[in-house]
Amino acid sequence: MAAAGSSPELIAALTGAIKVNPTHTHFILPGDPIESPQGLVEPVRTPFGRLHVAVYAMKFVSADLLYAIYEDFRHLVGFFVVTALISAGAAMFAVRRGLTPLRAVADEAARIDMNELQQRLPVGNVPAEVAPLVHGMNVALERLAASAVRIRRYADDAAHELRTPIAILRARLDNLEELPVKGALLRDASRLQAIIEQMLAAARLSGRQDTLDQEIDLVSSVREVVSLHLPLAIECDRMIEFDAAAPVIVARGNFRAVEAIVANLIDNALRAEPPGGTIIIRVGPGPVVCVIDHGEGVARAEREMIFEPFWRRSEATPGTGLGLAIAKELMEKLRGSIAIEETPGGGATFELIFSEGESARPCQ
């Protein structure tokens, strides 16, 4: 049965042919050249059911191209969406699985610092394309570790060589007659000795020649350092007050490093304290050591910069700017921290908080 509006000529020519249910059949009408069939009949699914549509002598219109593209896209959009989702999922899985060894390498690299240069990045599970890069990084780490060992050995040897002449200098200064400059010379020699002791302690800890797990009685160790500096303080017209919250306060660390850090802070405090003043050394509560002076203090904007190597407030400021930088490095190796606060009434308070002292109260 032909739909309304169909061509009578095509109805007459195709009624019998459509009964055999043709699919995509080209045809010609009587009288037309056989060489160029201009007709096409094919079944089409429509909202009204399955129909056979026949056209003849069809002419191309530009809108037909857009319509054909739209029809093809409408039928294939589901296929494209499913294919894209499957491809994206497969790509994400492959990338994540392929990058897993690289993430392991990145985690290992993030744990390497100047104290862990002996570690190497794993090469076994990385993709073959990335293996040369990881191997090159390991070679660079080997060269860096060798350079670090040479630098540490040099610093260790230099500190050892300087200890003896500094000790001789201190002894000779102690035996000098009373001179106006004797106190200043003793203070400078003490400062040099403190820096050298810190350098030696840092070199030995970096080279793992000393342990970081010694049990230290902070009260006894700090009192000994104070007693060694008391004659110098008196010579410089200063005094040292020592206060401990308990007879024994135990911390874990390294004897040499702790004594070197405290000695350096006492030297700094004696230089900052006005003549006739008294610096306060307080131990506790908890494994905390505080060195308190009443000098000019440190501006809040400079409290981080003073721990940078070679930093000085101005060219007129005496010293090399190394003491506090080495002290901070040593405290980090001891898994502790060093901080600076303002002394009530003016001055600077340096706080040494050791690894077991996280819950300790700051100095007041």
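Residues numbered from 1 in each chain as written. Predicted model: local features only at pLDDT ≥ 70, side-chain atom pairs only at ≥ 80, totals over all residues. Heavy atoms only, no water.

Peer 1: If you had to explain the side chain of S221 to someone new, which residues and values would you point to?
Peer 2: Mapped onto the secondary structure, S221 falls in helix α5 (residues 218–235). Overall, the relative accessible area of 6% leaves S221 in the buried class. If we skip the residues at most four places from it in the chain, S221 touches I216, F255 and E259. (Helix = DSSP H or I, 4+ residues; strand = E, 2+ residues; numbered from the N terminus. Buried < 20%, exposed > 50% of the residue type's maximum accessible area, 1.4 Å probe, protein only. Contact = heavy atoms within 4.5 Å.)

Peer 1: Any chance you could break down the sheet that holds strand β3 (residues 49–56) for me, citing the residues and the numbers?
Peer 2: Taken in spatial order, the three strands make up an open sheet running β1-β2-β3, and their pairing is antiparallel. Edge positions in the sheet fall to β1 (25–27) and β3, since each has one partner strand and no second. On average, each strand axis in the sheet is tilted by 30° relative to the strand beside it, whichever way the strands run. Taken together, the three bridges between β1 and strand β2 (residues 39–46) define a ladder with antiparallel strand orientation. Within β2, the residue paired with H26 across the bridge is L40. (Pairing = 2+ DSSP bridges. Axes fitted to C-alpha atoms, helices over the stretch in contact; angles between N-to-C directions.)

Peer 1: Please give an account of the pattern of salt bridges that cites residues and values.
Peer 2: Within the structure shown, the criterion is met by three salt bridges. For R252, the salt bridge is made with E215, and the minimal N-O distance between the two is 3.1 Å. Taken together, the residues span a long stretch of sequence, with R252 in strand β6 (residues 250–253) and E215 in strand β4 (residues 214–217) at a distance of 37 residues. A relative accessible area of 31% places R252 in the partly exposed class. For the salt bridge of K333 with E329, the shortest nitrogen-to-oxygen distance reads 3.8 Å. (Salt bridge = Lys/Arg side-chain N within 4 Å of Asp/Glu carboxyl O.)

Peer 1: If you had to explain the side chain of H229 to someone new, which residues and values would you point to?
Peer 2: In this fold, H229 is placed in helix α5. What makes H229 buried here is its relative accessible area of 9%. Engagement of the side chain of H229 in a polar contact is seen with the backbone oxygen of V225, the distance being 3.0 Å. (Polar contact = N/O pair within 3.5 Å; in protein donor to acceptor, adjacent residues only side chain to side chain.)

Note that every value here comes from positions in space, so none of it alone points to a role or purpose.
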